[in-house]
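Listed here are the chains, written in short residue letters.
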Amino acid sequence: MPSQNTNTYRKGLKHSGVMAVCMAAQVIFGLFPNIIIAKKIGLGYATDVYLMALAINQIIIKFSRIGTLPKIFIMVLSDDFIKDRHQTERNINNFLNIFFFFSLGVAILAYFMAPLLINIVAKGYDADKRAMTINIFRILTPLLFYQCLTGLFEGVFKLNNKFRQWAILNIIPPVIITIFVFLFISRLGVYSMVYGALVAHFSHLLLLVYFCYIRFKYSYKFELNIKHHLFRKTFNLMSPFYLSSIPVQIMLGLQSYFVSMLPLGYASIFFYARRIVDYVEQFSINILSQLMLPYFTKKIAQQ
């Protein structure tokens, strides 16, 4: 008869396998829209513009270190999560409102600063190309808002030990984008990817709100206290990440600047190559880490 540790290990292996499969599906479906656009539109004016706008959007997101928010939220919310559910609700609502207004402010600022950013980073583009880049970048600015709030909800899911549900829900955005691009690329061209991204990510955000406040049974009440000690703790924990991100984002900005000097279509080749590297990294690091987690957990438990 299997021991309790063996059963726990098997259960962990099963959950890690599900998460790895979901991550693989997320990467694969994320690749499909790019394949469709490359096949239908090719490499040229429209793809140069779209990929440059997306690259600058990603520079801002990565510079703000939004990707570190889930880990930070888990650290700052975990104590009250164990001791006091009511206080956890208040903390979640406070963070939700603070980051709602913060991300909204950043998105509005990015929207109005778009001409300045594009003129600096995409210096090699002609006036018409820069104008179209500015337009697409502005359409994509709500994604800053989405990324910030999603970081909080990821922390909430993982605090509630809902790793598998989180992984499954993350398949939804790339699936919606793939369907949207497939259906509308002939009518909208590269804008099918732009509008598809907005529809997909905000549909995903609504689902996260549903799970947090309906399925997990947290109640919403307006809380806004920037002097709360957890907010200061969050800022202190994130500060080193901001400092470390500056050289990387400067390098990415310089890359985009020099890429804008390339002939028509070559910018698309560069950005597509970089995206392929990102996909390979997600497969080789993120998915492998999920598969190896139960093994290392078992080894640590045995010691």
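Everything here concerns the structure above.
Residues numbered from 1 in each chain as written. Predicted model: local features only at pLDDT ≥ 70, side-chain atom pairs only at ≥ 80, totals over all residues. Heavy atoms only, no water.

*Asks:* What is the right way to look at the nonpolar core in this model?
*Replies:* In globular proteins that are soluble, nonpolar side chains generally tend to be buried together. Of all hydrophobic cores here, the largest spans 40 residues; its most connected members are Tyr50, Met52, Ile136, Phe137, Val181, Val190 and Phe271. The set of elements that each furnish at least two residues to this core consists of helix H1 (4-40), helix H2 (45-63), helix H4 (85-121), helix H5 (127-140), helix H6 (142-159), helix H8 (172-188), helix H9 (191-215) and helix H11 (266-302). In terms of residue count, the dominant contributor to this core is H2 (10 residues). Apart from residues lying up to four places away in sequence, Tyr50 is in contact with Ile136, Val190, Met193 and Val194. With 30 residues, the next largest nonpolar core counts Leu96, Cys148, Leu169 and Leu208 among its residues. (Core = buried A, V, L, I, M, F, W, Y, C linked by side-chain atoms within 4.5 Å. Buried < 20%, exposed > 50% of the residue type's maximum accessible area, 1.4 Å probe, protein only. Helix = DSSP H or I, 4+ residues; strand = E, 2+ residues; numbered from the N terminus. Contact = heavy atoms within 4.5 Å.)

*Asks:* What is the right way to look at the environment of Tyr213 in this model?
*Replies:* Tracing the sequence through the fold places Tyr213 in helix H9. Tyr213 sits 124 residues away from Glu89 along the chain, and the two C-alpha atoms are 9.7 Å apart. Only 2.7 Å separates the side chain of Tyr213 from the side chain of Asn93, close enough to count as a polar contact. (Polar contact = N/O pair within 3.5 Å; in protein donor to acceptor, adjacent residues only side chain to side chain.)

*Asks:* Would you explain the pattern of salt bridges in this entry?
*Replies:* Pairs can form between side chains of opposite charge whenever their charged atoms are close. Considering all chains together, one arrives at 1 salt bridge under this definition. We note a salt bridge from Asp48 to Lys129, for which the minimum N-O separation is 3.1 Å. Of the two residues, Asp48 sits in helix H2 while Lys129 sits in helix H5, which places them 81 residues apart along the sequence. Lys129 carries the same exposure label as Asp48, and that label is buried. (Salt bridge = Lys/Arg side-chain N within 4 Å of Asp/Glu carboxyl O.)

*Asks:* I'm lost on the packing of aromatic side chains in this one. Help?
*Replies:* To describe a pair of aromatic rings, one takes the distance between the centres and the angle between the planes. In the structure shown here, the tally under the stated rule is 17 aromatic pairs. Between Phe145 and Phe202 the ring centres are 6.1 Å apart and the planes differ by 20°, which places this aromatic pair in the stacked class. Of the two residues, Phe145 sits in helix H6 while Phe202 sits in helix H9, which places them 57 residues apart along the sequence. Seen in terms of ring centroids, Phe157 and Phe216 are 5.0 Å apart; in terms of plane orientation they differ by 70°. Their pairing is edge-to-face. Placement of Phe157 in helix H6 and of Phe216 in the loop between H9 and helix H10 (229-259) is noted, with a sequence separation of 59 residues between them. Accessibility expressed as a relative area gives 10% for Phe216, which makes it buried. The cationic tip of Lys129 hangs over the ring face of Tyr125; the distance from NZ or CZ to the ring centre is 4.3 Å. Between Arg138 and the ring centre of Tyr111, over which it is positioned, the NZ or CZ distance is 4.6 Å. (Phe/Tyr/Trp six-rings, centres within 6.5 Å; stacked < 30°, edge-to-face > 60°. Lys NZ or Arg CZ within 6 Å of the ring centre and 35° of its normal.)

By themselves these figures say nothing about function.
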